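The primary structure of each chain is shown beneath.
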Amino acid sequence: MNAALLWHLGRLFSWPHWKAHAARTVLTSVGVALGVATVVAIADVSRSVLIAFQAMVDAVAGEADLEVSNPAGDVDENLIGTLEHVEDVTSVAGVIERFLPLEEDTGSSLYLLGLDFLGSNLWKEQFPRSAVDIDDEIAFLAQSDSVVVPKTFLQKRHVKVGDTLRVVTPAGGKVLVVRGVLGDTPASRLFGGDVALMDLPAAQKVLGHEHRVDRIAIDAAAGADTDGVAARVKEALAASGAPAASLEVARPEVRGKQAEHLLFSLRTTLAIMSLGAIIVGAFIVYHTIAISVMQRRREFALLNASGVSRRMLTKACVLESACLALPGVALGVGLGHLLATVASHLVGMTASEIWVQVDIQRTEASMGGWGIAS
């Protein structure tokens, strides 16, 4: 009974009113679509930035269960020997990472990774030996300017094995020689393929970073309690005389959480913009329905006098709002994701310049954002 009555009210009163005021009706749905699109786009961009950074952490961390780092600087390489003897520690390796501008392309940077990717089992997952093609490993290790770059880098930069790359380092301009090719691995896809691998001692020499590393990666024994291993690592650092108070021992994923804190201001700004979009969309719908009700006060009075209850008339108005909003929601979700696809790269560049380096290769959908927007 109620459903049938609502159907007739919509057919006899709502639909003719919408046709008579077509421009305002369309504007209402468009307003909702823009509000929803803004919320969806901002949620997708925010999620994409965080996932991109976490993907970088995971790609570089590989098999590491723990990392030793110094938030205020670098770490003494000699600590690697100390940590190798800690109970339940199976592998320890130093890591250096830098973003070095390319001289021939001032707008691009090369993500340089210095690590023992040929000799340490710690990197066998992200840099499997089958994915690294080096013609002469002895020559590669003997020359401190040797680098391995992904196939995509060779194709994009029109470079071949034996060619040189000029980069700007903290120690001045340096020339690197491509002596190996990296196949398709998670790390090779970082930053559009602008990645280079160096043997750790060579990277230290090129960067003027002798006997220092950015962090130490630790692989714990299978089945070992990671928290217990971390506690023993801290004890070993303290016993070695290292400034343990300035060193952190944590799981690699903690860096992702740290990035989330660093990006707090960016995410807050995006959330405020999203809230503003919701308010604007809600105001447009409310204003349209309010005007519609005012224009049809006489019709509603006659319906009420004819036996249609105020409650039923209220339901009819709510149903009108839903009918006007639904097309806007559907359009807004699609438009928002498309907008996020365009904006993610720009936001990633901004985040990289101000907070932390991220590489957004694809836009991630935020189901939570879609739900809030809808």
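Scoring rules and cut-offs
- Residues numbered from 1 in each chain as written.
- Predicted model: local features only at pLDDT ≥ 70, side-chain atom pairs only at ≥ 80, totals over all residues.
- Heavy atoms only, no water.
- Helix = DSSP H or I, 4+ residues; strand = E, 2+ residues; numbered from the N terminus.
- Buried < 20%, exposed > 50% of the residue type's maximum accessible area, 1.4 Å probe, protein only.
- Lys, Arg positive; Asp, Glu negative; His and termini not counted.
- Salt bridge = Lys/Arg side-chain N within 4 Å of Asp/Glu carboxyl O.
- Polar contact = N/O pair within 3.5 Å; in protein donor to acceptor, adjacent residues only side chain to side chain.
- Contact = heavy atoms within 4.5 Å.
- Pairing = 2+ DSSP bridges.
- Expected span 1.5 Å × (residues − 1).
- Core = buried A, V, L, I, M, F, W, Y, C linked by side-chain atoms within 4.5 Å.
- Phe/Tyr/Trp six-rings, centres within 6.5 Å; stacked < 30°, edge-to-face > 60°.

J.: Whenever I open this one, the side chain of aspartate 44 confuses me. Can you help?
T.: Take aspartate 44: it is sitting in helix α2 (residues 22-61). It turns out aspartate 44 is buried and unbridged, and the closest side chain with the opposite charge, arginine 47, is 6.8 Å from it.

J.: Can you help me understand the side chain of serine 48 in this one?
T.: With respect to the helices and strands, serine 48 occurs in helix α2. Polar contacts involving the side chain of serine 48 include one to the main-chain carbonyl oxygen of aspartate 44, which spans 2.7 Å. Excluding anything up to four places from it in sequence, serine 48 contacts Ser344, Ile360, Arg362, Thr363 and Glu364.

J.: Just to check I follow, could you spell out the pattern of salt bridges for this structure?
T.: Between side chains of opposite charge, pairing is possible as soon as their charged atoms come close. If you walk through the whole model with that rule in mind, you get eleven salt bridges. One salt bridge connects aspartate 74 with arginine 212, and the closest N-O pair in it is separated by 2.8 Å. Pair noted here: aspartate 74 is in the loop between β1 (66-69) and β2 (75-76) and arginine 212 is in strand β10 (residues 212-213), with a separation of 138 residues, a long-range link. Assessed through its relative accessible area of 29%, arginine 212 is described here as partly exposed. Between lysine 156 and aspartate 194 there is a salt bridge, with the nearest N and O atoms lying 2.9 Å from each other.

J.: Explanation requested: the environment of glycine 81 in the structure shown.
T.: Along the polypeptide, glycine 81 turns up in helix α3 (residues 79-83). Separated by twelve residues in sequence, glycine 81 and alanine 93 place their C-alpha atoms 9.4 Å apart.

J.: How should I be thinking about the pairing of strand β6 (residues 146-150) in this particular structure?
T.: Within a regular strand, the side chains alternate between the two sheet faces. Of all the five residues making up β6, five are buried; the element is thus mostly covered by neighbouring parts of the structure. Sheet topology note: the β6/strand β8 (residues 172-182) ladder contains five bridges and is parallel. Each residue of the ladder has a partner; that of serine 146, found in β8, is valine 177.

J.: Where do I start with helix α7 (residues 226-239) in this structure?
T.: One turn of the α-helix equals 3.6 residues, which is why residues spaced by three or four share an orientation. Taking 1.5 Å per residue, 14 residues should reach 20 Å; α7 reaches 20 Å between its end C-alpha atoms and fits that length. Within α7 the residues assigned to the buried category are Thr226, Gly228, Val229, Ala230, Val233, Ala236 and Leu237. The secondary structure elements touched by the buried residues of α7 are β1, α3, β3 (89-102), β11 (215-220) and β12 (248-250). Two residues or fewer past α7, glycine 241 is found with a positive phi of approximately 90°.

J.: Would you explain the nonpolar core in this entry?
T.: The tendency in soluble globular proteins is for nonpolar side chains to be buried as a group. One finds Val68, Leu83, Ile216, Ile218 and Val233 to be the most contacted residues of the largest nonpolar core, which totals 44 residues. For leucine 83, the contacting residues outside a window of four places in its chain are Val68, Val89, Val92, Ile216, Ile218, Val233, Ala236 and Leu237. One finds Ala64, Val95, Ala187 and Phe191 within the second-largest nonpolar core, a separate group that totals 24 residues.

J.: How do you make sense of the environment of leucine 338 when you look at a structure like this?
T.: As for its placement among the helices and strands, leucine 338 is situated in helix α11 (residues 310-354). Along the chain, leucine 338 and alanine 41 lie 297 residues apart, while their C-alpha atoms are 7.7 Å from each other.

J.: Just to check I follow, could you spell out the packing of aromatic side chains for this structure?
T.: The geometry of an aromatic ring pair is captured by the separation of the ring centres together with the interplanar angle, meaning the angle of the planes. Tallying each qualifying case throughout the model produces four aromatic pairs. Ring centres of phenylalanine 99 and tyrosine 111 lie 4.8 Å apart, and the angle between their planes is 25°; this geometry places the pair in the stacked category. Within this pair, whereas phenylalanine 99 is found in strand β3, its partner tyrosine 111 is found in strand β4 (residues 105-114), the two being separated by twelve residues in sequence. The partly exposed category is assigned to phenylalanine 99, whose relative accessible area is 31%.

J.: Even after reading the chapter, I still don't get unusual backbone geometry, so can you show me in this structure?
T.: Outside of glycine, negative phi angles account for most residues, and trans bonds account for most peptide bonds. In the Ramachandran plot, aspartate 88 falls in the positive-phi region, its phi being about 70° despite a non-glycine side chain. Positionally, aspartate 88 belongs in the loop between α3 and β3. Here histidine 211, not a glycine, exhibits a phi torsion of approximately 65°, which is positive. Of note, histidine 211 is situated in the loop between α6 (200-206) and β10. On the basis of relative accessibility, which here comes to 53%, the residue histidine 211 falls in the exposed class.

These figures capture arrangement, not role.
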